[in-house]
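# Coordinates in review
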Amino acid sequence: MAKSSFGLTVRAQMLGSQQDSNFLLVAAGGVAGVLKVANPAFSAAEIEAQDAAAGVIAADAELRAATVRHGPATVAVDGEPALARVLTYLPGGTLTGPGYLSPHVVEGLGTVAGRVSLALRPFTHPGLDRVLQWDLRHADRVVGVLAGHVRDAGLRARVTDAVAAAWGRVQALAAGLPVQAVHGDVTDDNVVCTIRRGLRIPDGVIDFGDLTSSWAVGELAVAITSVLRHAGAEPCSVRPAMRAFHRLRPLSAAEAAALWPLVVLRAAVLVVSGEQQAAIDDGNDYVTGALEHERRCFERAVSVPAEVMTGLILAELGLGGEPRRVPPGRVLNLGRCAVLDMSVQSDAVDQGAWLEPQLGDRLAEAMLADGYDAVATRFGEARLTESRTLAEVSPATVATGIDLWLAAPVELPAEAGVEGLVLTLSRDRTRVHVGLRAAGAPEIPPLVRPEYAAGWLALAADPAPLLGLAPGPAQGAADLLGRRAASFAAVQEHYYADPPRIERGWRQHLAATDGRVYLDMVNNVAVLGHSHPRVEAAAARQLRRLNTNSRFNYAAVVDFSERLAGLLPAPLDTVFLVNSGSEAVDLALRLALVSTGHQDVVAVREAYHGWTYASDAVSTSTADNPGALTTRPAWVHAVDPPNAYRGRYRGAQAGRYAADAVRAIAGLAAAGRPPAAFLAEPFYGNAGGMPLPDGYLAAVYAEVRRHGGLAIADEVQVGYGRLGHWFWGFEQQGVVPDVVTVAKAMGNGYPLGAVVTSRQIAARYRDAGYFFSSTGGSPVSSVIGLTVLDVIADEGLQANAARVGGHLKARLEELAGRHELIGAVHGSGLYLGVELVRDRGTLEPATEETMAICDRMLELGVIIQPTSDRMCVLKIKPPLCLDIAGADYFADALDRVLTEGW
Ligand code: PMP
């Protein structure tokens, strides 16, 4: 057909389509286009309109559209005439298939739908005048006619019921819904993407077969319905598309209110049409394969009541009204009533109490025993007590009513009407639940998931005034990031574009204000786990007694110095106490410069050591400071990163890094600039926790010492037991440095740092230099430092790092066997790195993918971030109390993301 009608010499490859016949045409020089044979049911005017509309859309510089290259020509299909033409082929692929769609991709889909809608607004053509089953204006009739094809009676009933309800809603709004030309099928199957740095950017549209006049908002409804069939999608997943569409082509309140009912109608039409097609075209794999997706799509569309989705959509688009208020007037007199706060910020949930089942009951009973007549919870509060750890979706935490515990039985009104609202009172074993919902609204569960809370709460009202109580917490996100941007220097970045607001930590868990709990895989500072009670108690006790500077004579600073020195081999017996890793590195460099009289320092490229002048000077990681390599002062000399995976020397060749570094040091000495120090992490942290090549530090330390310089080991990240098998990183190399810097883990988050060196080096510094830190080694710092060491020992955390880290590494290595993207798994104990590459041969870093995977992991309840100069390594350095369940959860979540997409 391509040859006879269009003179093309090509190979044709069948493409799926529900109604037309499509073929990819491949010529000698590559893809020549797509041959489209229209369903003979379509008229020439209709096809002309489709081609004209494609031209209109292609004229938008931001959009790609498949336009006509050859034809149309009349061809014979099974003896019947049909119109064929060759369209441009848009490379990049569509969003088709069941894989995960990220919020960025969903937003892109909404943007394409919005731009298409804008482009088609003025478009008119006689070919738009057609009656199509895909036109949502006919959805009730289509379902009425085709529902009989749905073989499963239960599904059939659910579809027809849902359509009746949705149709009623849309009809009530129909007069206010503008009609225009719509593409009608801007879906995952028909939106094409440009692949930019490994990620899909939707930017084009194909298949104009459903072009017609219809409700403009239908364009968006069709697009977002297609999101629902993808892995992990649920009704709230469509929000980015909705917002993007609304930004380009603002929805009216009527359109916003019609949107979810239209989604339900679209999903229903897909189900009944799919079943009908399957019945008449049994051999069409495209049709039968899609059926399962269409059903899933429908089930998801109706999984949340349409009223709730509408409330959510209105709130999301800024079209929602004020919260419903209750006219004053008490229904119940509670007497002396205490308020029970179970939010993340409540003192009642301290020290992991939120994990206790029935905490609310226990606390309420204690309050009643204290003499209160009643205890009440708060409307709209996200309760941490309802959360779960290791949960892939957010638990229902937001209260839609008030729970009451009563000292004495109270006569409850069965159901009282309050001007357009329905008061519901229900009792369980221990409490009375008071709810207030709009008349006609569906039943509201006592707790709802935070993503849907705005939708549910729009149907409810705070019953507090009826009980003589103060209203619950204000709803709506406070603009914390805006305030942060206005007051906090921007160079102090935050994790994630849209970060959860974390206000509590417990062990390896972090809790957000919406009650979601995340597994913290990134906090190497909170080595013991967050909010350790022994640290808290020690700090509080010492803060009550004394906190001053180390020029005073008190025991804690001596005890702590002895203890730290005792952890290090001879001759490292002398301690300086500071407040951070940067200060420790800065001081270590000063010790070296002053005690050797030399002026140069050799450091390793792609490393980070701090932000102070000197520690920044030796920091060459471009991930932390993009200008790091061009702003080196002349006294800093950087040697190659000894990266055995992707550096200059790999695998068995990695032994050569030492010789190069030795040569560099010897060269400096020969040039009359013998270095004062060689400074490096003794286990390569910034690269994701890689051991240095065997013998590396022994050789380099020997050379720098031969020229009178010092060996400085920066143990700020890797020391203190994290590596599992070794307490200090330098032990792995079988060397003893001259100076060790420590921080981070030392204080479990309280600012502590230390430099430990020999008596002799400290004495040389004493003679030529000066050191005093107002808070370094303070009684509180020292006591915290001692407690952290006690807990590491008492709770066996180093051994736990070896055990759980070993298990996790094995799990990650198993994933590497199944997922091409994992290039390597680095690390030891609970300092692990999963390096992601686009190609295992070239090791092209999968930088954007790594960030996208981190975002998806957050959705699944895991906090993880990238590291390395290429930002392509997942850095795994959780609190050392991580257990096997947490490690498995992380590995399973990563497996899921690598399987479903990101
Ligand atoms: N050295 C290393 C190896 C580090 O990783 C860091 C912090 N990331 C520092 C020094 C600086 O420590 P701080 O942030 O406590 O100043």
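This text follows the structure it describes.
In what follows, the accompanying structure is described. Predicted model, so just to flag it, every value in this text is computed and none were measured.

With that out of the way, let us pick up the overall build of the protein chain. A tally of regular secondary structure across the protein chain gives 25 helices and 35 strands. Summarising its shape, the C-alpha atoms of the protein chain cover approximately 100 × 85 × 45 Å along the three principal directions. When each of the 902 residues of the protein chain is scored for burial, the buried share is 56%. For the protein chain, restricting intrachain contacts to residue pairs at least 6 apart in sequence, the fraction spanning at least 24 positions comes to 73%. Looking at the protein chain as shown, the accessible area adds up to about 35,900 Å², and 52% of this sits on carbon and sulfur atoms. Across the protein chain, the 79 positively charged side chains and the 97 negatively charged ones have centroids separated by 4 Å.

Reading across the sheet, the three strands line up as E4-E9-E8 and stay open at both edges, with mixed pairing between neighbours. Strand pairing shows two members of the sheet lacking a second neighbour, strand E4 (64-65) and strand E8 (191-196), which therefore form its edges. As paired elements, E8 and strand E9 (residues 199-205) share six bridges and run antiparallel to each other. Counted as the bridge partner of Arg196 is Leu199 from E9.

Attention now moves to the pattern of salt bridges. In this structure the tally under the stated criterion is 54 salt bridges. With a closest N to O distance of 3.1 Å, Glu107 and Arg247 form a salt bridge. Residue Glu107 is located in helix H3 (residues 103-120), and its partner Arg247 is located in helix H7 (residues 239-248); the two are separated by 140 residues in the primary sequence. Owing to a relative accessible area of 29%, Glu107 belongs among the partly exposed residues under this scheme. Judged by its relative accessible area of 57%, Arg247 is exposed. With a closest N to O distance of 2.8 Å, Arg673 and Asp600 form a salt bridge. You can see Arg673 sitting in the loop between helix H18 (656-670) and strand E25 (675-680) and its partner Asp600 sitting in strand E23 (residues 600-604), a full 73 residues away along the chain. Within this structure, Arg197, Arg838, Glu844, Glu848 and Glu849 form a network of salt bridges that share partners.

A few words on the site of the ligand. Every residue close to the ligand is listed here: Ser580, Gly581, Ser582, Tyr608, His609, Gly610, Glu681, Asp714, Val716, Gln717 and Lys744. One of the side-chain N or O atoms of Ser582 is found 2.5 Å from an oxygen atom in the ligand. Out of a free accessible area of 390 Å², the ligand has 83% covered by protein chains. Partitioning the shell around the ligand into residue classes produces two nonpolar, six polar and three charged.

It is at 7 Å that the axes of H3 and H7 come closest, and there the two elements cross at 35°. Seen from above, H3 lies across H7 with right-handed handedness. Contacts between H3 and H7 pair Pro103, Val106, Glu107, Gly110, Thr111, Ala113, Gly114, Arg115, Ser117 and Leu118 from the former with Pro240, Ala241, Ala244, Phe245, Arg247 and Leu248 from the latter. Per-class residue counts for the contact of H3 with H7 are nine nonpolar, four polar and three charged.

Our next topic: the sheet that holds strand E35 (residues 873-876). Pairing in this open sheet of four strands is antiparallel, and the strands run E31-E32-E35-E34 from one edge to the other. This sheet does not close on itself; its edge strands, each paired only once, are strand E31 (822-828) and strand E34 (865-867). Each strand axis lies, on average, 30° off the axis of its neighbour in the sheet, ignoring direction. Taken together, the three bridges between E34 and E35 define a ladder with antiparallel strand orientation. Residue pairing in the sheet places Pro866 in a bridge with Leu874 of E35. Along the sheet, helix H23 (residues 797-818) contacts E31, strand E32 (831-836) and E35; its crossing angle with E31, the most-contacted strand, is approximately 170°.

What follows deals with the layout of surface pockets. Where empty space is left in the structure can be found by rolling a water-sized probe over the atoms. The calculated volume of the second largest pocket comes to roughly 1,000 Å³. Looking at which element gives the most residues to the lining of the second largest pocket, the answer is helix H9 (residues 285-301), with six residues. For the lining of the second largest pocket, the residue count by class is 15 nonpolar, 16 polar and 10 charged.

The next subject is helix H11 (residues 359-369). An α-helix turns once every 3.6 residues. As a result, residues three or four positions apart point the same way. Every buried residue of H11 is listed here: Leu359, Gly360, Asp361, Leu363, Ala364 and Leu368. For H11, the elements touching its buried residues are strand E12 (374-376) and strand E14 (401-406). One or two residues past the end of H11 sits Gly371, with phi positive at roughly 110°.

Considering all chains together, one arrives at four cavities of 30 Å³ or more under this definition. In this structure, the largest cavity occupies an estimated 70 Å³ of space. Considering the residues around the largest cavity, the lining is formed by Trp134, Asp135, Leu136, Val182, Gly184, Asp210, Thr212, Ser214, Trp215, Gly218 and Val222. Here the lining of the largest cavity takes three residues from strand E10 (residues 212-215), the largest share from any one element. Of the residues contributing to the lining of the largest cavity, the split by class is five nonpolar, four polar and two charged.

The amide bond that connects Gly71 to the next residue, Pro72, takes the cis arrangement and shows omega of 5°. The residue Pro72 is located in strand E5 (residues 68-77) in this model. Cis geometry is adopted by the peptide bond preceding Pro571, which originates at Ala570 and carries an omega value of 5°. Here Pro571 shows up in the loop between helix H15 (555-566) and strand E22 (572-578). A positive phi angle is found at Leu390, which is not glycine, with a value near 50°. Position of Leu390 among the secondary structure elements: in the loop between E12 and strand E13 (398-399).

You can see Ser426 is positioned in strand E16 (residues 421-427). The spacing of Ser426 and Leu412 is 14 residues in sequence and 9.2 Å in space, taken between C-alpha atoms. Other than its neighbours up to four places away in sequence, Ser426 contacts Arg431, Val432 and His433.

To continue, consider the environment of Gly110. With respect to the helices and strands, Gly110 occurs in helix H3. You can call Gly110 buried: its relative accessible area is 0%. In this structure Gly110 touches Ala241, Ala244 and Phe245, once residues within four positions along its chain are discounted.

To continue, consider the side chain of Asp869. Within the secondary structure layout, Asp869 lies in the loop between E34 and E35. No salt bridge forms around the buried Asp869; measuring N to O, its nearest opposite-charge neighbour Arg870 is 5.7 Å away. Dropping the residues within four chain positions of it, Asp869 is found in contact with Glu606, Thr620, Ser621, Thr622, Ala623 and Asn686.

Time to look at the nonpolar core. Judged by nonpolar contacts, the single largest core of 118 residues is most densely connected at Trp260 and Leu404. Residue contributions to this core peak at 15 residues, all from helix H8 (residues 253-280). Residues within four places of Leu404 in sequence aside, it is in contact with Leu332, Leu334, Val375, Ala376, Thr430, Arg431, Val432, Val434 and Leu467.

Successive side chains on a regular strand alternate, one facing one side of the sheet and the next facing the other. Neither face of E35 is open: one carries Val873 and Lys875, the other Leu874 and Ile876, and all of them are buried. Bridge analysis of E32 against E35 gives four bridges, and the strand direction is antiparallel. By the bridge assignment for E35, Glu835 is matched with Val873. Following E34, the chain reverses through five residues before pairing antiparallel with E35; Ser868 in that reversal takes a positive phi of roughly 85°.

Looking now at the state of the cysteines. As enumerated under the stated definition, the model contains zero disulfides in all. We note that Cys236 lacks a disulfide partner, and the nearest cysteine sulfur, in Cys297, lies 15 Å from it.

Rules behind the numbers
Residues numbered from 1 in each chain as written. Predicted model: local features only at pLDDT ≥ 70, side-chain atom pairs only at ≥ 80, totals over all residues. Heavy atoms only, no water. Helix = DSSP H or I, 4+ residues; strand = E, 2+ residues; numbered from the N terminus. Buried < 20%, exposed > 50% of the residue type's maximum accessible area, 1.4 Å probe, protein only. Contact = heavy atoms within 4.5 Å. Areas by Shrake-Rupley, 256 points an atom, 1.4 Å probe, with all protein chains shown as cover. Lys, Arg positive; Asp, Glu negative; His and termini not counted. Charge placed at Lys NZ, Arg CZ, Asp CG, Glu CD. Pairing = 2+ DSSP bridges. Salt bridge = Lys/Arg side-chain N within 4 Å of Asp/Glu carboxyl O. Near = heavy atom within 4 Å. Polar contact = N/O pair within 3.5 Å; in protein donor to acceptor, adjacent residues only side chain to side chain. Nonpolar A, V, L, I, M, F, W, Y, C, P; charged D, E, K, R; others polar. Axes fitted to C-alpha atoms, helices over the stretch in contact; angles between N-to-C directions. Left-handed = near helix turned anticlockwise from the far one by under 90°. 1 Å grid on protein atoms, 1.4 Å probe; cavity = no way out; pocket = protein on both sides within 12 Å on 5 of 7 lines; lining within 4 Å. Points joined across faces, edges and corners; volume = space filled by probe spheres on them. Core = buried A, V, L, I, M, F, W, Y, C linked by side-chain atoms within 4.5 Å. Disulfide = S-S within 2.5 Å.

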